[in-house]
Amino acid sequence: LSLKPDIIVHAAALTDIEKCESNKKLASRLNIGVTKIIIECSKQLNCKLVFISTDHLFSKKKNYFKEDDETNPLNFYAFTKKKSEEMITDNLKNFLIIRTNFFGWGPEHKKSFSDIKIEHLKKNLKLELFNDVYFNPVNVRYLCRVINKLIQKNLTGIFNVTSNKAISKYKFGILLCKEFNFDKKLIKSIKLLDKNITKRPNFMSLSNKKLIRTLKISTNELSIIKQIKILKIK
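The present account deals with the structure reproduced in this document. These figures come from a predicted structure and were not determined experimentally.

### Structural notes on the environment of Asp-55
Link 1 in the chain: Tracing the chain through its elements places Asp-55 in the loop between β2 (48–52) and α3 (76–91).
Link 2 in the chain: Each residue touching Asp-55, except ones within four places of it in the same chain, is listed here: Thr-100, Asn-101, Phe-135, Met-204 and Leu-206.
Link 3 in the chain: Separated by 2.9 Å, the side chains of Asp-55 and Asn-101 make a polar contact.

### Here's the deal with the pattern of salt bridges
Link 1 in the chain: In total, this model carries seven salt bridges according to the counting rule given.
Link 2 in the chain: We note a salt bridge from Lys-43 to Glu-40, for which the minimum N-O separation is 3.8 Å. Of the two residues, Lys-43 and Glu-40 are both situated in helix α2 (residues 24–45); the distance of three residues between them amounts to about one turn of the helix.
Link 3 in the chain: Its relative accessible area of 41% is what places Lys-43 among the partly exposed residues.
Link 4 in the chain: Taking relative accessible area as the criterion, Glu-40 reaches 36% and is therefore assigned partly exposed.
Link 5 in the chain: A salt bridge links Glu-86 to Lys-82, with the nearest nitrogen and oxygen atoms 3.1 Å apart. Remark: Lys-82 and Glu-86 occur in helix α3; sequence separation between them is four residues, near one turn of the helix.

### Things to note about the sheet that holds strand β8 (residues 157–161)
Link 1 in the chain: In spatial order, the strands read β1-β2-β3-β8; together these four strands make up an open sheet with parallel pairing. Edge strands, defined here as strands with exactly one partner in the open sheet, are β1 (7–10) and β8. Strand-to-strand, the axes of this sheet are offset by a mean angle of 20°, without reference to chain direction.
Link 2 in the chain: Here α2 sits on the sheet in contact with β1 and β2, set at roughly 170° to β1.
Link 3 in the chain: Its contacts with the sheet put helix α5 (residues 140–152) on β1, β2, β3 (95–100) and β8, and the angle it makes with β3 is roughly 155°.

### With respect to the layout of surface pockets
Link 1 in the chain: In this structure, the largest pocket encloses a volume near 1600 Å³.
Link 2 in the chain: Lining of the largest pocket is provided by 47 residues; of these, Thr-15, Phe-102, Lys-110, Ser-112 and Phe-113 occupy positions nearest its centre.
Link 3 in the chain: Going through the elements one at a time, α1 (17–22), α3, β4 (102–103), α4 (113–122), β5 (127–130) and α5 are the ones with two or more residues in the lining of the largest pocket.
Link 4 in the chain: Residues of the lining of the largest pocket, tallied by class, amount to 26 nonpolar, nine polar and twelve charged.
Link 5 in the chain: Roughly 210 Å³ of internal volume is contained in the second largest pocket.
Link 6 in the chain: What lines the second largest pocket is a set of 15 residues, and nearest its centre among them are Leu-192, Leu-193, Lys-199, Arg-200 and Asn-202.
Link 7 in the chain: Grouping the amino acids of the lining of the second largest pocket by side-chain chemistry returns seven nonpolar, three polar and five charged.

### Focus: the nonpolar core
Link 1 in the chain: With 24 residues, the main nonpolar core has Leu-121, Phe-172, Leu-176, Ile-187, Ile-224, Ile-228 and Leu-231 as its most contacted residues.
Link 2 in the chain: Where this core is concerned, the elements lending two or more residues are α4, β5, α6 (169–180), β10 (187–190) and α8 (224–229).
Link 3 in the chain: By residue number, the principal contributor to this core is α6, which donates six residues.
Link 4 in the chain: Those residues in contact with Ile-187, other than ones at most four positions away along the chain, are Leu-121, Leu-127, Leu-129, Tyr-170, Gly-173, Ile-174 and Cys-177.
Link 5 in the chain: Tyr-142, Ile-147, Ile-151 and Val-161 belong to the second-largest nonpolar core, a separate cluster that totals 19 residues.

### Let's talk about the packing of aromatic side chains
How two aromatic rings sit relative to each other is set out by the distance from centre to centre and by the angle between their planes.
Link 1 in the chain: Enumeration according to the criterion identifies six aromatic pairs in this entry.
Link 2 in the chain: Judged by centre distance (5.9 Å) and plane angle (10°), the ring pair of Phe-180 and Phe-182 falls under stacked.
Link 3 in the chain: Residue classification places Phe-182 among the buried residues on the basis of a relative accessible area of 17%.
Link 4 in the chain: Each member of the aromatic cluster is reached from another via a ring pair, and the members are Phe-103, Phe-135 and Phe-172.
Link 5 in the chain: Directly above the aromatic system of Phe-135 lies the positively charged group of Lys-169, at a separation of 4.9 Å from the ring centroid.
Link 6 in the chain: Above the face of the Phe-159 ring, Lys-210 is positioned so that its terminal group lies 4.3 Å from the ring centre.

Definitions and cut-offs
- Residues numbered from 1 in each chain as written.
- Predicted model: local features only at pLDDT ≥ 70, side-chain atom pairs only at ≥ 80, totals over all residues.
- Heavy atoms only, no water.
- Helix = DSSP H or I, 4+ residues; strand = E, 2+ residues; numbered from the N terminus.
- Contact = heavy atoms within 4.5 Å.
- Polar contact = N/O pair within 3.5 Å; in protein donor to acceptor, adjacent residues only side chain to side chain.
- Salt bridge = Lys/Arg side-chain N within 4 Å of Asp/Glu carboxyl O.
- Buried < 20%, exposed > 50% of the residue type's maximum accessible area, 1.4 Å probe, protein only.
- Pairing = 2+ DSSP bridges.
- Axes fitted to C-alpha atoms, helices over the stretch in contact; angles between N-to-C directions.
- 1 Å grid on protein atoms, 1.4 Å probe; cavity = no way out; pocket = protein on both sides within 12 Å on 5 of 7 lines; lining within 4 Å.
- Points joined across faces, edges and corners; volume = space filled by probe spheres on them.
- Nonpolar A, V, L, I, M, F, W, Y, C, P; charged D, E, K, R; others polar.
- Core = buried A, V, L, I, M, F, W, Y, C linked by side-chain atoms within 4.5 Å.
- Phe/Tyr/Trp six-rings, centres within 6.5 Å; stacked < 30°, edge-to-face > 60°.
- Lys NZ or Arg CZ within 6 Å of the ring centre and 35° of its normal.

In short, the description is geometric, and any link to function would need to be established separately.
Printed below as a string of structure tokens:
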């Protein structure tokens, strides 16, 4: 190989849950096959692998999942992430697995969860958001800073990188309205079972205690309000 990187950051994946479920062959090739290739590259180059994982790995009802909790995916997308994590932990020693759910300004070809919601609200279009799906997302800018700190400290293992408090997708939408002065009446509260979609967890919130303890992060930094405010910085 002509390139000699010290670190490989593996963030590529097919993340569309419905597409993963309907085309498992494609999802396997992109999410598992690519990870296998990158693992081999990491071994040959003797460099650290940073893998961006997910918070979709669990099926039980729990307020906050820790890094060492047993995973039990409900859909094929989550299965591919679990399989990728297992391949990394079985074949590498110098790795970081980042379990997270992030939002922020995405590129034109792949808009983020918050991009889509803000665009709808700007146009005064109505939104339906789940009141029974709980997560604790983090702003992608902050996520990148945290990953950089973990790399600089040469840490390895699995780390949850999230905001502090579990909130529903509906509540997240209301907070966006408040921060950007949108009409919160545009958002309709619905339940997961109201939609005919691929099965997914109601409880996805991850414990960030290990991260806070390791990097000595102030809990105030990780408030969801503070994370949403970062959206105003373009």
